[in-house]
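Observations on the three-dimensional arrangement
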Amino acid sequence: MDLNNALMLAVVGHTNTGKTSLMRTLLHDSQFGEVDSRPSTTREVTSIDVDANGQVLMRLLDTPGLEAGSDLYDHLVHSESSFRHDGPAQVRHFLNTKIAASEFEQESKVLRQLLKCHAALYVIDVRDPVLPKYQDELSVLARCGKPILPVLNFTGQKPNNMNQWKLALTKVNLHAYIEYDAVSPPEGGESILFSRLGAIVPGFHEQLQQLADYRQQQREHRLNTGLTQIAELLVDVAAYSESVPAQITEKPLRVLIDNMQQLVKRRERNCVTEMLALYAFRIEHVRLQQLRLSDGDYKDDLFDSETLKNFGIKTSVGVGSGAAVGAGLDLMVGGASLGAGTALGAVIGGLWQGWTHYGKKVLSHMRGERELIVDDEIIKLLTLRQLNLLQQLATRGHGSQQLLLVTQSTKLRDQFLRALSTRLKVARRNPQWSSLSQRSFIRDNDRQLCVHDITELCRGFWQQS
């Protein structure tokens, strides 16, 4: 593979400052390398190419952590007279000594790679205080004669020593640096990083700009695809319906409801899996509030009143024996909604606590078959969870070691909900649009138009959040 025009970039720093975590975030690969709280997890140099449209633009080299920087600094200072104005020559001379292969094995690996590279990212854990050993490391690395861009890592965690680090860097003539948290990268952080590198590394501005543009296109593609996946889910669930016979008894009714719940939960789980794959995360590294880590089954049931409550969705009726949720006339049993007219009588009375209060209204619709559909409140919960998940994935670094948890932080505005309800009414009138239904599934132009409208509606909500 041609690397003649690729930027060779070493990722260096003290042990356990987050070098491999930064690599994971820059590569969008949560599987790269090994991350551990123990020192010296990375023992060998690992390289990986970064490309755009098939063209390799950068090679990143993950190096072992520096451990004996102060001792090496003292050793080089004592041998400095022969190399007063030639740091690279001094480093090359040192690498040919026996002590380099014995006492300074890890540091030698780092220096050897840096000499071959065009520049280095020096990763700093700003939670650590500014200590002489870090300043000694920087002095040793500077002897290689390559541009160094300090990366202030873990800036999102408080308290930290970021301001002290900024001041310390200026004292060693490093005025260009970047705040880049590998756990929660800043918005536009990649573009800023590539721009800073372009300013200090001569001859690579074009490649770095090309890489920045490509990464921006990737971000936009992931967002567009994620919003479309959410819209597809909502149309599938809103359009889903099953016929309920007029004289149905409790047991077959319960079977229909249970089947509906399983279909909807499975469809949401598929959406979650697809979205995780879209952002290059895996299910075992992400714990959603409604999923078990072991088998992917739902822990916080989509149709449970506590789940609705946790996401700020109020239910108006209590939960009855055998029913998962009661939330008004249209949310009868297990999140099921019964459209217009069947004789359910005391069958529902045994499932739903609100039967006494709403019995007269139900009895007025006791003629003919009715359609079992998913209630609006459940669809609202689906929307809430998926938008929250997408928001977190879009801002999550692949270096993060914490399990992702979907919370109720996303709030759906009334205006957004009214507009969404209008579009979903179109889906409700077209049960053939649902892949969950036993009816023939039709992916026609009208369905695609409905999905597109919901996608754009969600995009507008996203931009305002």
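Counting its secondary structure elements, the protein contains 16 helices and 9 strands. Every one of the 465 residues in the protein was classed for burial, and the buried ones make up 52%. In the protein, 73% of the contacts between residues at least 6 apart in sequence involve partners at least 24 apart. Put simply, the protein shows about 21400 Å² of open surface, and 48% of that area lies on carbon and sulfur atoms.

Along the chain, L57 turns up in strand β3 (residues 55–62). Residues L57 and E206, 149 residues apart in the sequence, show an inter-C-alpha distance of 9.6 Å. If we ignore the near neighbours within four places in the chain, the residues touching L57 are N5, A6, L7, V50, D51, A52, Q207, Q210 and L211.

It is worth spelling out the packing of aromatic side chains at this point. The final tally for this structure, using the stated rule, is 3 aromatic pairs. Judged by centre distance (5.4 Å) and plane angle (50 degrees), the ring pair of Y134 and W165 falls under tilted. Placement of the pair is Y134 in helix α6 (residues 132–142) and W165 in helix α7 (residues 162–171), with a sequence separation of 31 residues. No difference in accessibility class separates Y134 from W165, as the two residues are buried. Its guanidinium or amino end placed over the ring of F154, R127 lies 4.1 Å from that ring's centre, counting from NZ or CZ.

Of all 7 residues that make up strand β4 (residues 119–125), 7 are buried, and the element is covered over most of its length. Alternating positions in β4 separate into two faces, A119, L121, V123 and D125 on one and A120, Y122 and I124 on the other, with burial throughout. In this structure, strand β1 (residues 7–12) lies alongside β4, joined through 4 bridges in parallel fashion. In the sheet register, V12 faces β4, and the bridge partner there is Y122. Bridge count between β4 and strand β5 (residues 148–153): 6 bridges; the pairing is parallel.

All right, on to the nonpolar core then. Among the nonpolar cores identified, the biggest contains 51 residues, and F416 and I454 are the most heavily contacted of them. Looking at this core, the elements with two or more residues in it are α9 (205–239), α10 (250–278), β9 (370–374), α14 (376–394), α15 (414–428) and α16 (445–464). Excluding residues within four positions of it along the chain, I454 makes contact with A231, L234, V235, L420, R423 and L424.

The N-to-C vectors of helix α3 (residues 87–95) and helix α5 (residues 105–116) enclose an angle of 135 degrees; their axes lie 10 Å apart at closest approach. Judged by the inter-axis angle, α3 sits oblique to α5. The two elements α3 and α5 cross, and the hand of that crossing is left-handed. Every residue of α5 that contacts α3 at P88, V91, R92, F94 and L95 is listed here: S108, L111, R112 and L115. Here the residues of the contact of α3 with α5 are counted per class, giving 6 nonpolar, 1 polar and 2 charged.

Here the focus is the confidence of the model for the protein. On average, residues of the protein carry a pLDDT of 78, and 76% of them reach 70 or more. Averaged over each element, pLDDT in the protein is lowest for helix α12 (residues 345–349) (33) and highest for β4 (96). Segment residues 290–300: pLDDT under 50, and 33 contacts once partners within four positions in sequence are set aside and those in other chains are kept. Below pLDDT 50 for its whole length, residues 315–367 participates in 135 contacts with residues either more than four positions away or in separate chains.

Cut-offs applied
Residues numbered from 1 in each chain as written. Predicted model: local features only at pLDDT ≥ 70, side-chain atom pairs only at ≥ 80, totals over all residues. Heavy atoms only, no water. Helix = DSSP H or I, 4+ residues; strand = E, 2+ residues; numbered from the N terminus. Buried < 20%, exposed > 50% of the residue type's maximum accessible area, 1.4 Å probe, protein only. Contact = heavy atoms within 4.5 Å. Areas by Shrake-Rupley, 256 points an atom, 1.4 Å probe, with all protein chains shown as cover. Phe/Tyr/Trp six-rings, centres within 6.5 Å; stacked < 30°, edge-to-face > 60°. Lys NZ or Arg CZ within 6 Å of the ring centre and 35° of its normal. Pairing = 2+ DSSP bridges. Core = buried A, V, L, I, M, F, W, Y, C linked by side-chain atoms within 4.5 Å. Axes fitted to C-alpha atoms, helices over the stretch in contact; angles between N-to-C directions. Parallel < 35°, antiparallel > 145°, perpendicular 65-115°, else oblique. Left-handed = near helix turned anticlockwise from the far one by under 90°. Nonpolar A, V, L, I, M, F, W, Y, C, P; charged D, E, K, R; others polar. pLDDT = per-residue confidence, 0-100.

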